[in-house]
Structure formats: C-alpha cells, structure tokens
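# Examining the three-dimensional arrangement
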Amino acid sequence: MSIVVPAYNEAATIEEVLRRLSTVPFRSEVIVVDDGSSDGTGDLAAAVEGVQVIRRPRNAGKGAAVRDGIAATTGTIVVIQDADLEYDPKDLPKLVKPLIEGHADAVYGTRLRGGEPQRAHLFWHYAGNRFLSLVTNVLFNTTISDMEVGYKAFRGDLIRGLRLVSDDFRFEPEVTAKILKVPGIRLYEVPISYYGRTVAEGKKITWRDGVRALGALVRFRVGP
C-alpha cells in the first residue's frame, strides 16, 4: 500500500499525521510531497523514519503534488491522505477494506452519509459540495455523495494509469471524472469522520475553487 501526503505549510500537523499513519495496521510506503512549503514542513517530514519526501521547489497546488506522489508509488493500493488532520488516519483501514476484499476499484470517504464524528460544516462549503456532487451524478450517471472529499483510495494500477493534468484543487473533479469514464468501474463510498478547519485555522479551499471544479467537471466529461 502507498500513502501519498500532499503538504503545503502544514508544520503544525505533519508530524502528528505521520505518527498516526505509523499505527495503521498495514505495511505501507508513505510519500510526503512538500509543495514548496516555507514553514519547514518538508524538514519535519524528512526527520520521520521510513518516510519518503519529495520536495517541489515552488508551490504549484494540490493536484501537482498528488500527481508527483502518485508517480512515485509502487503499492497495489494508493491512498491520498491530507496533511492537515481534517481526515483521521484511523479511518484508513475501513477506507481501503472494499479494495482489499476485491469489491472496489476506488473508494471515497464521505462526510455526508453520517455515522462518524463530524464538525459542523461551513454552510457555503457544504452547499457547494452538495451541488458539485449533484452535478457529478447527473453528468456521470452515478450516486456519490461527496465528490470533493480529500480522502480517496484507488487500485494502484488504475490511478497510475490515468493521465492527470490539474495542478490545483481541480484534481478532485478531474480524478473523479476520469475514473467514472472507465468502463465497469466499481466506485464505493464509506462514511468517515471529519475534523474540518475554518479559513482562520488554515483551510485553503475557497468558493473560487468550487467554480473551477464545476468547470472541470464539464471539461472532463466532454473531453479526455
């Protein structure tokens, strides 16, 4: 299993994320992609034994960081784990369970089907996410509840075989669109806990990213 951790200025949380990942009951390679951080995130990650660190010279965005991380993976399963502790690695075993059991090709965590601790969402983030998920379902004839979730797992050969081009948060709609266009794809969702941050606490995604995501869904529905 490979765990890709894109990180930009997450010095406050990167060590704790890596500590929690070290307790996951799977043999895993952990790849941190430091996306041009200026707060020592990369150095903190490099000091953790067994962690591979890829350093980008300048900040390019989550999509670019994830793409570099995916290219470095070797595992039969690839997990995207954000570095900010909004998603708790304790949920990772149930996230990958449908993949391990051979039921799924990709698994998305969902913050919107209940059953796990949830910090109250910022209303417009919640409404925007529900709208983007609805558009995804209409465009791709599916029923996912949380397209924008940052906790995703894939068959390694599947995700490494996709040509991904988005550098920013458009990674989420792009990867979703491209896997949903794979014939016979088996996409599952599992409820996960969510410890969301406010902008003041360091949340980086904004309403502008939602507008870009909508454009990306349409772009990748009609094009490659």
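Scroll up for the structure.
Below, the structure is looked at part by part. These numbers were taken from a predicted model, which means no experiment stands behind them.

### Focus: the layout of surface pockets
Put simply, the second largest pocket is a space of about 180 Å³. For the lining of the second largest pocket, the per-class residue count stands at eight nonpolar, three polar and one charged.

### What to know about helix α1 (residues 14–21)
Among the residues of α1, I14, V17, L18 and L21 are the ones counted as buried. Along α1, the residues classed as buried sweep out an arc of 95 degrees about the axis, all on the same side. Next to the buried residues of α1 lie β1 (2–7), β2 (29–35), α2 (41–46), β3 (51–56) and α4 (92–100).

### Focus on the sheet that holds β1
If you walk across this open sheet you meet the seven strands as β3-β2-β1-β4-β6-β5-β7, and the pairing is mixed. Each edge of the sheet is formed by a strand with only one pairing partner; in this case those strands are β3 and β7 (187–191). If you compare each strand with its neighbour and ignore which way they point, the axes differ by 20 degrees on average. Both β1 and strand β4 (residues 77–80) contribute to a ladder of three bridges, which runs parallel.

### So, the packing of aromatic side chains
A full pass over the atoms with the stated rule returns three aromatic pairs. Through pairs of rings, three or more aromatic residues link up here, namely Y87, Y151 and Y194. In this structure, R111 packs its charged tip against the face of Y194, placed 4.9 Å from the ring centre.

### Overview of the side chain of T41
Its place among the elements puts T41 in helix α2. The contact partners of T41, leaving out residues within four places of it in the chain, are A7, N9, E10, A11, I14 and D34.

### Considerations on the pattern of salt bridges
Should their charged atoms come close, side chains of opposite charge can pair. Per the stated rule, a full pass over the model turns up 19 salt bridges. The partner of R20 in a salt bridge is E16, with the nearest N and O atoms 2.8 Å apart. Residue R20 and its partner E16 are located together in helix α1, separated by four residues, close to a single helical turn. Look at R20 and you get partly exposed, because its relative accessible area is 25%. Classification of E16 as partly exposed rests on a relative accessible area of 26%. Residue K62 pairs with D82 through a salt bridge whose shortest N-O separation is 3.1 Å. Separated by 20 residues along the polypeptide, K62 in helix α3 (residues 62–72) and D82 in the loop between β4 and α4 bring together distant segments of the chain.

### What about the nonpolar core?
With 62 residues, the main nonpolar core has L21, V79, L92, V175 and I179 as its most contacted residues. For this core, the leading source of residues is helix α7 (residues 171–180), giving five residues. Residues within four places of V175 in sequence aside, it is in contact with Y108, K152, F154, I159, L162 and L164.

### Observations regarding a nonpolar patch on the surface
A grouping of F131, L134, V138 and L214 is seen on the molecular surface, where their side chains present a nonpolar patch of about 370 Å² in accessible area. Its place among the elements puts V138 in helix α5 (residues 123–140). With a relative accessible area of 62%, V138 lands in the exposed category.

About the thresholds
- Residues numbered from 1 in each chain as written.
- Predicted model: local features only at pLDDT ≥ 70, side-chain atom pairs only at ≥ 80, totals over all residues.
- Heavy atoms only, no water.
- 1 Å grid on protein atoms, 1.4 Å probe; cavity = no way out; pocket = protein on both sides within 12 Å on 5 of 7 lines; lining within 4 Å.
- Points joined across faces, edges and corners; volume = space filled by probe spheres on them.
- Nonpolar A, V, L, I, M, F, W, Y, C, P; charged D, E, K, R; others polar.
- Buried < 20%, exposed > 50% of the residue type's maximum accessible area, 1.4 Å probe, protein only.
- Helix = DSSP H or I, 4+ residues; strand = E, 2+ residues; numbered from the N terminus.
- Arc of directions from axis to C-beta.
- Contact = heavy atoms within 4.5 Å.
- Pairing = 2+ DSSP bridges.
- Axes fitted to C-alpha atoms, helices over the stretch in contact; angles between N-to-C directions.
- Phe/Tyr/Trp six-rings, centres within 6.5 Å; stacked < 30°, edge-to-face > 60°.
- Lys NZ or Arg CZ within 6 Å of the ring centre and 35° of its normal.
- Salt bridge = Lys/Arg side-chain N within 4 Å of Asp/Glu carboxyl O.
- Core = buried A, V, L, I, M, F, W, Y, C linked by side-chain atoms within 4.5 Å.
- Patch = residues over 30% accessible without salt bridge, like charges linked within 9 Å, V, L, I, M, F, W, Y side chains within 5 Å.
- Areas by Shrake-Rupley, 256 points an atom, 1.4 Å probe, with all protein chains shown as cover.

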